[in-house]
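Fold and contact review
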Amino acid sequence: MLQRGIPWQAYFQRVLSSSSATYAQVLSFLAAFGCLVMALPAVLIGAIGASTAWNDTDYGFPDPMANKEADMILPIVLQYLCPVYISFFGLGAVSAAVMSSADSSILSASSMFARNIYQLSFRQNASDREIVWVMRITVFLFGASATAMALLASSVYGLWYLSSDLVYIIIFPQLLCVLFIKGTNTYGAIAGYLFGLVLRITGGEPYLYLQPLIYYPGCYPDENNIYIQRFPFKTLAMLTSFFTNIIVSYLAKYLFESGTLPPKLDFLDAVVARYSREHMDKATLVKSDNIVLNELAPVNPRHSLTLSSTFTNKEAFNYVDSSPELSNTEDN
């Protein structure tokens, strides 16, 4: 779970919203110790569930492990091993946490769709009212989709498990390339996304009863005849996505900058438009490789002998004395 717990969306949001790099580093180290501390209650509840004689409780025989309900050990412990009032408040807290996570995920997905996809890609001049209506519609659509997946899927935990894998395999390499690899672009990001997604899906998922299409070394069938992968294919998919992003990005950059591909084929405006005059920002305009010093007009410095002459524009006074229009105005 370590590989899926570190590169998580909540961590990305906190790091990218930090006011400085130092604050982001301190936050990361403190969060690491905080995760260890917050994991202790879950470990203790799991140990209690594993060492309990369930025959002596209302749960009866067989135990939760034999009933394949080990992933539900928290509500089972609260219901059968705690007093009624503790079970009431505990299950209420769990339900509130689940609903809070669900509505925040749906709201963040709809807002990112309205901003990053609808407005930036299709409707750059969309008004705030239009964006709000798009968010409302997408909230309904994403909520209906999530409800359908929860009702039709055999395991909600399997859906969460698979989504955490996709974060590790797809989003984590994208973040590394954006922050630390200079020159990556949209073409590499799309290629890395597709390669990582294909390798992850073809590896199968036992929780969703998905048979693998690629059988890596060491795989074996379980009691449901679903093959389990022993090979670390998830890390392989992550590394493949990472290096594909870099290779395709630099290949696209070379092809466009060398003239092998015409600029009109850069339909994503990821390489050519970045260096065009219309899209240049101030930081790009003042780079040393954009301004040639020998093309600038020569400037002859003037060294004044006195302090008063330094702040006196003698050329302006000479222009006033020699101007016939100003002379006629003074005579009248």
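Residues numbered from 1 in each chain as written. Predicted model: local features only at pLDDT ≥ 70, side-chain atom pairs only at ≥ 80, totals over all residues. Heavy atoms only, no water.

Some details on the UniProt feature "transmembrane region" (unreviewed entry) in the protein chain
The cut-off we apply is this: UniProt positions are given in the numbering used here, feature names are shortened, and annotations may be inferred rather than shown by experiment. Note on conventions: DSSP H or I runs of at least 4 residues are helices, E runs of at least 2 residues are strands, and numbering of each starts at the N terminus.
Cross-referencing UniProt, the feature "transmembrane region" (unreviewed entry) maps to residues 21–52, 72–98, 131–153, 159–181, 193–216 and 236–256 in the present numbering. Taken end to end, residues 21–52 comprises 97% helix and 0% strand; its first and last C-alpha atoms sit 47 Å apart.

What to know about helix α5 (residues 84–122)
In plain terms, the rule: Expected span of a helix, by definition, is 1.5 Å for each gap between consecutive residues, and there is one gap fewer than residues. One fitted axis covers the seven residues ending at a residue, a second covers the seven starting there, and the bend at that residue is the angle between these axes. Burial classification: accessible surface area is computed with a 1.4 Å probe over protein chains only, and a residue below 20% of its type maximum counts as buried, one above 50% as exposed, and the rest as partly exposed. The contact rule is simple, with two residues in contact once any of their heavy atoms fall within 4.5 Å.
With 39 residues, α5 extends 54 Å from end C-alpha to end C-alpha; this agrees with the ideal 57 Å at 1.5 Å per step. Of all the bends in α5, the greatest, near 25°, is centred on Phe 113. Of the positions making up α5, those classed as buried are Ser 87, Gly 90, Ser 110, Ala 114 and Gln 119. Buried residues along α5 sit against α4 (73–80) and α6 (128–152).

Some words on the nonpolar core
Rules: Joining through side-chain atoms within 4.5 Å is the link that ties buried Ala, Val, Leu, Ile, Met, Phe, Trp, Tyr and Cys residues into a set, and such a set is a nonpolar core.
Ranked by size, the top nonpolar core spans eight residues in total: Tyr 168, Ile 169, Ile 170, Leu 199, Tyr 216, Phe 233, Ala 237 and Met 238. If you list the elements that add at least two residues to this core, you get α7 (156–180) and α9 (233–257). Those residues in contact with Ala 237 that lie beyond four places of it in its chain are Ile 169, Gly 196, Leu 199 and Arg 200.

A word on unusual backbone geometry
Here the residue pair Phe 61 and Pro 62 is connected by a cis peptide bond, since its omega of 0° sits within 30 degrees of zero. Mapping Pro 62 onto the fold places it in the loop between α3 (21–51) and α4.

Quick word on the packing of aromatic side chains
Stated formally: Classification of ring pairs uses Phe, Tyr and Trp, with its six-membered ring standing for Trp, and accepts pairs whose centres are within 6.5 Å; under 30 degrees between planes counts as stacked, over 60 as edge-to-face, and the remaining range as tilted. For a ring to carry a charge above it, either NZ of a lysine or CZ of an arginine must fall within 6 Å of the ring centroid while also lying within 35 degrees of the normal to the ring plane.
This structure, assessed with the given rule, holds 11 aromatic pairs. Ring geometry for Phe 242 versus Phe 243: centroids 5.2 Å apart, planes at 70°, classification edge-to-face. Phe 242 gets classed as buried once you look at its relative accessible area, which sits at 15%. Owing to a relative accessible area of 46%, Phe 243 belongs among the partly exposed residues under this scheme. Among the aromatic residues, those joined into a ring-pair cluster are Trp 54, Tyr 59 and Tyr 80. Taking NZ or CZ as reference, Arg 136 lies 4.8 Å from the ring centre of Trp 133, over its face.

Focus on the packing of α4 against α5
Filter applied, for reference: In this analysis an axis means a line fitted to C-alpha atoms, helices contributing only their contacting stretch, and an angle means the value between N-to-C directions, from 0 to 180 degrees. Reported orientations rely on four angle classes, namely roughly parallel under 35 degrees, roughly antiparallel over 145, roughly perpendicular from 65 to 115, and oblique for the rest. Working rule for handedness: look at the near helix, and if it is turned counterclockwise from the far one by less than a right angle, call the crossing left-handed; if clockwise, right-handed. Classification convention: Asp, Glu, Lys, Arg as charged; Ala, Val, Leu, Ile, Met, Phe, Trp, Tyr, Cys, Pro as nonpolar; all other residues, Gly among them, as polar.
The N-to-C vectors of α4 and α5 enclose an angle of 160°; their axes lie 8 Å apart at closest approach. Considering the angle they form, α4 stands roughly antiparallel to α5. The way α4 lies across α5 gives a crossing that is left-handed. Side by side, α4 and α5 meet where Leu 74, Pro 75, Leu 78 and Gln 79 of the first sit next to Ser 87, Gly 90, Leu 91 and Val 94 of the second. Counted by class, the contact of α4 with α5 contains five nonpolar, three polar and no charged residues.

Comments concerning the packing of α5 against α6
Relative to each other, α5 and α6 sit at 130°, their axes nearing to 8 Å. Comparing the axis directions of α5 and α6 gives the class oblique. In this structure, α5 meets α6 at a crossing whose hand is right-handed. Of α6, the residues touching α5 (which contributes Ile 106, Leu 107, Ala 109, Ser 110, Ser 111, Phe 113, Ala 114, Tyr 118 and Gln 119) are Glu 130, Ile 131, Val 134, Met 135, Thr 138, Val 139, Phe 142 and Gly 143. Residue composition of the contact of α5 with α6, grouped by class: 11 nonpolar, five polar and one charged.

Let's talk about α3
Counted at 1.5 Å a residue, the expected span for α3 with its 31 residues is 45 Å, and the 45 Å between its end C-alpha atoms agrees. The largest bend in α3 is about 30°, located at Leu 40, with the proline Pro 41 one to four residues further on.

Overview of the side chain of Thr 202
Applied cut-off: Under the rule applied, a polar contact is a pair of N or O atoms within 3.5 Å (in protein, one hydrogen donor and one hydrogen acceptor; residues adjacent in sequence only if both atoms are side-chain atoms).
Structurally, Thr 202 can be placed in the loop between α8 (186–201) and β1 (220–221). Its relative accessible area of 13% is what places Thr 202 among the buried residues. Here Val 198 takes part through its backbone oxygen, which lies 2.7 Å from a polar atom of the side chain of Thr 202. Among the polar contacts made by the side chain of Thr 202, one reaches the main-chain carbonyl oxygen of Leu 199 at a distance of 3.2 Å. Aside from chain neighbours lying at most four places away, what touches Thr 202 is Pro 212, Leu 213 and Ile 214.

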